[in-house]
Amino acid sequence: MSSLLAEMDGSMAEARMTGVRAPIMSSPTIATCDTAEGLAAINGADTELVIWERAQPAALTAWLGQLAPSQLPHFRVLAPLADLPRAVMAQADESGMPNEGARDLLLADITRLATAFAAIAGVDLVDVRLERISHDACWRFHRDCVDARLLTTYHGPATEWVQPPYAGDALRDQKAYQGPSEHLGIHDVAVFKGSCAGPGRGIVHRSPPIAGTGQTRLLLVLNKQSAASPKPWTPVAAST
């Protein structure tokens, strides 16, 4: 274990100096994949996190960068698979997102990931949250109180997380934590197990602190239906 931790420490330090994402260390609990379908590896008994490292289309990056923060969408909708494309489009309209540029790329990606998450979770209803964040949301290191959750960042700093050997230190020290940490890249997709998956389960992570930096994040969060979810979206409800 000590040699693994030393290797991880060196890799993280090099990443901080060069600005290049450190390679994800192979372990029985952390997996990577190359496709949306590969995210289903989260259902493995010992798997705590699956990451799909992918490049965001240049057109989407450029378009989101040109929008004022107030034009970035911010919405939450609970929708069945059959209605996901219409529900997401309706919410984007209501949030005031311009119907131009690479908007269709963004909405299509949200629908694709929600469909993949539904298959992973074995559900038909998906709770879709697209959050515009310009403050220190969820800055504390924590485990989500869910069975599993999908995250991806389209704009701004992406989610930070720590390898399991450092979880206890991060939870204890919080802002004083000086140990190794990793971060997702823009457009990377991660499915995390949370504390509801069982005692001691769940990847410790946090939203990067950005208050006072002038930065705004656009974060997609996908969950199964819960008591906190809105009522299911329907075309009738959307038009009234």
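Scroll up a little and you will see the structure.
Calculation notes
- Residues numbered from 1 in each chain as written.
- Predicted model: local features only at pLDDT ≥ 70, side-chain atom pairs only at ≥ 80, totals over all residues.
- Heavy atoms only, no water.
- Salt bridge = Lys/Arg side-chain N within 4 Å of Asp/Glu carboxyl O.
- Buried < 20%, exposed > 50% of the residue type's maximum accessible area, 1.4 Å probe, protein only.
- Helix = DSSP H or I, 4+ residues; strand = E, 2+ residues; numbered from the N terminus.
- Pairing = 2+ DSSP bridges.
- Axes fitted to C-alpha atoms, helices over the stretch in contact; angles between N-to-C directions.
- Contact = heavy atoms within 4.5 Å.

Colleague: Pulling in residues and values, what's your account of the pattern of salt bridges?
Modeller: Evaluated as defined, the whole model comprises eleven salt bridges. In this structure, the salt-bridge partner of Arg129 is Glu131, at a minimum N-O distance of 2.8 Å. With respect to class, Arg129 is no different from Glu131; both count as buried. Between Glu160 and Arg206 there is a salt bridge whose closest N-O contact spans 2.8 Å. With Glu160 in strand E6 (residues 160-161) and Arg206 in strand E9 (residues 205-206), the pair connects residues that are 46 residues apart, well separated along the chain. One salt-bridge network, held together by shared partners, links Asp169, Arg172 and Asp173.

Colleague: Give me the sheet that holds strand E4 (residues 125-133): which residues, what numbers.
Modeller: Strand order in this open sheet of seven strands is E1-E2-E8-E5-E10-E4-E3, and the pairing throughout is mixed. Whereas interior strands pair on both sides, the edge strands pair on one side only; in this sheet they are strand E1 (30-33) and strand E3 (75-80). Adjacent strand axes in the sheet meet at a mean angle of 20°, parallel and antiparallel pairs treated alike. One ladder, built from five bridges, connects strand E5 (residues 148-155) with strand E10 (residues 217-223); its direction is antiparallel. Across the sheet, residue Leu151 finds its bridge partner in E10, namely Val221. Strands E3 and E4 of the sheet are contacted by helix H3 (residues 84-94), whose axis makes an angle of about 160° with E3.

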